Amino acid sequence: MIDKLMILLADSGSTKVHWCLVTASGQCSDVFTDGINPLFQTSDAMRNSICNQLLPQIAPLLWAGTLTHVFFYGAGCTPEKKVFVQKALEGVFKKAEVHVASDMLGAARGLLGHKAGVACILGTGSGSCFYDGENIEWCVPSLGYILGDEGSAAVLGKRLVGDLLKGQLSNSASGPTDEVDLKNLFFKEYDTSMADIIEKVYRQPFPNRFLAKLSRFCADHIDDPRIHALVYDHFVQFIQRNLVQYKATEPIGFVGSIAYYYKPILEEAMRNEKQPLGTVLKDPIEGLKEYHKDAITPTTT
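Residues numbered from 1 in each chain as written. Predicted model: local features only at pLDDT ≥ 70, side-chain atom pairs only at ≥ 80, totals over all residues. Heavy atoms only, no water.

Draft legend 1. Structural view of the nonpolar core. Residues Phe186, Phe235, Leu243 and Phe254 are the most contacted members of the largest nonpolar core, which totals 43 residues. Ignoring any residue separated from it by four or fewer positions in sequence, one finds Phe186 in contact with Leu160, Val161, Leu164, Thr192, Ile197, Leu214 and Phe217. (Core = buried A, V, L, I, M, F, W, Y, C linked by side-chain atoms within 4.5 Å. Buried < 20%, exposed > 50% of the residue type's maximum accessible area, 1.4 Å probe, protein only. Contact = heavy atoms within 4.5 Å.)

Pasting the structure below:
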């Protein structure tokens, strides 16, 4: 007795893709690859990533049946750009029906299922939307890490580095004399320098990924009042520049590593800004399994 049908789900940010191969009986296999984003990659580059990173991990699993559908939700998958992701996926999974949509729609479906409400992403990038139960009705544009993306790891890393290099997180003159020198501690922990940071931000590919990785310094030193204040203000900026426009009365859901790992500070900011906080998930895959379960019908021999 073996499963005949399978679907492949993907939740893609700029840093990583969470893939989940789901069989008709409900068995799931999770694998991870580098992020896929059509804003930064060509169809050929995305196809190479799928072939070199994804296929070797799932090939041993495909003997059990036929892959019928691919549902890919990704950062950068705007109506104009998603066709390049679709082309890359169809070039690899030639017999499957491929659907590509934004990571924002994936977050909304994963959080809310078929219920209407406000959904948010706080990961490498950020986003928010009002979802009608099937599709996004409207959203405040995220604008990317240069113009927007408040609440994201990339912008948190950008602000952290900028504040450190400009002396905004130096020891307080009125504070205790044993305050940690955050700037030198940061340079030591990441084995980096100002020149190295400038090189990677302005001259190397994927500066948003680089900045997002630097934001982990905040998680490691969140008990420092200066870091706590920076992260708290980071969330307040997201709320004030995005969430207040939805005028939500029902709890607002969040997905993403930043929302998940900094949940206590997010709760504090949402409470103080009088915004109702709902479910907080690390990623939307579990909800997407439920949402797309009708795409796969158990047929066994």
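Draft legend 2. Looking closely at the environment of Ala45. Among the structural elements, Ala45 can be located in helix H1 (residues 43-58). Relative accessible area serves as the criterion here: at 30%, Ala45 is assigned to the partly exposed category. (Helix = DSSP H or I, 4+ residues; strand = E, 2+ residues; numbered from the N terminus.)

Draft legend 3. View of the pattern of salt bridges. Under the defined criterion, the tally for this structure stands at eight salt bridges. A salt bridge links Asp196 to Lys200, with the shortest nitrogen-to-oxygen separation between them at 3.4 Å. Here Lys200 and Asp196 lie together in helix H7 (residues 194-202), a separation of four residues that amounts to about one turn. What makes Asp196 partly exposed here is its relative accessible area of 25%. Lys200 gets classed as partly exposed once you look at its relative accessible area, which sits at 31%. (Salt bridge = Lys/Arg side-chain N within 4 Å of Asp/Glu carboxyl O.)

Draft legend 4. Representation of a nonpolar patch on the surface. A cluster of nonpolar side chains, contributed by Leu143, Ile146 and Leu147, occupies part of the molecular surface with about 350 Å² of accessible area. Summarising the element assignment, Leu143 is placed in the loop between strand S8 (136-138) and helix H4 (144-147). (Patch = residues over 30% accessible without salt bridge, like charges linked within 9 Å, V, L, I, M, F, W, Y side chains within 5 Å. Areas by Shrake-Rupley, 256 points an atom, 1.4 Å probe, with all protein chains shown as cover.)

Draft legend 5. Looking closely at the packing of helix H5 (residues 153-165) against helix H8 (residues 207-214). The geometry of H5 relative to H8 is characterised by a closest axis approach of 7 Å and an angle of 70° between their N-to-C directions. One way to sum up the angle between H5 and H8 is to call them roughly perpendicular. Of the residues in H8, those touching H5 at Ala153, Ala154, Gly157, Lys158, Leu160 and Val161 are Asn208, Leu211, Ala212 and Leu214. Classifying every residue of the contact of H5 with H8 gives seven nonpolar, two polar and one charged. (Axes fitted to C-alpha atoms, helices over the stretch in contact; angles between N-to-C directions. Parallel < 35°, antiparallel > 145°, perpendicular 65-115°, else oblique. Nonpolar A, V, L, I, M, F, W, Y, C, P; charged D, E, K, R; others polar.)

Draft legend 6. Here's a closer look at the confidence of the model for the protein. Counting all residues, the mean pLDDT for the protein is 87, and 93% of those residues have values of 70 or more. Summarising per-element confidence for the protein, the mean pLDDT is lowest in H4 (84) and highest in helix H12 (residues 263-272) (96). Within the model, the stretch residues 173-178 combines pLDDT values under 50 with zero contacts to residues more than four positions away or in other chains. (pLDDT = per-residue confidence, 0-100.)

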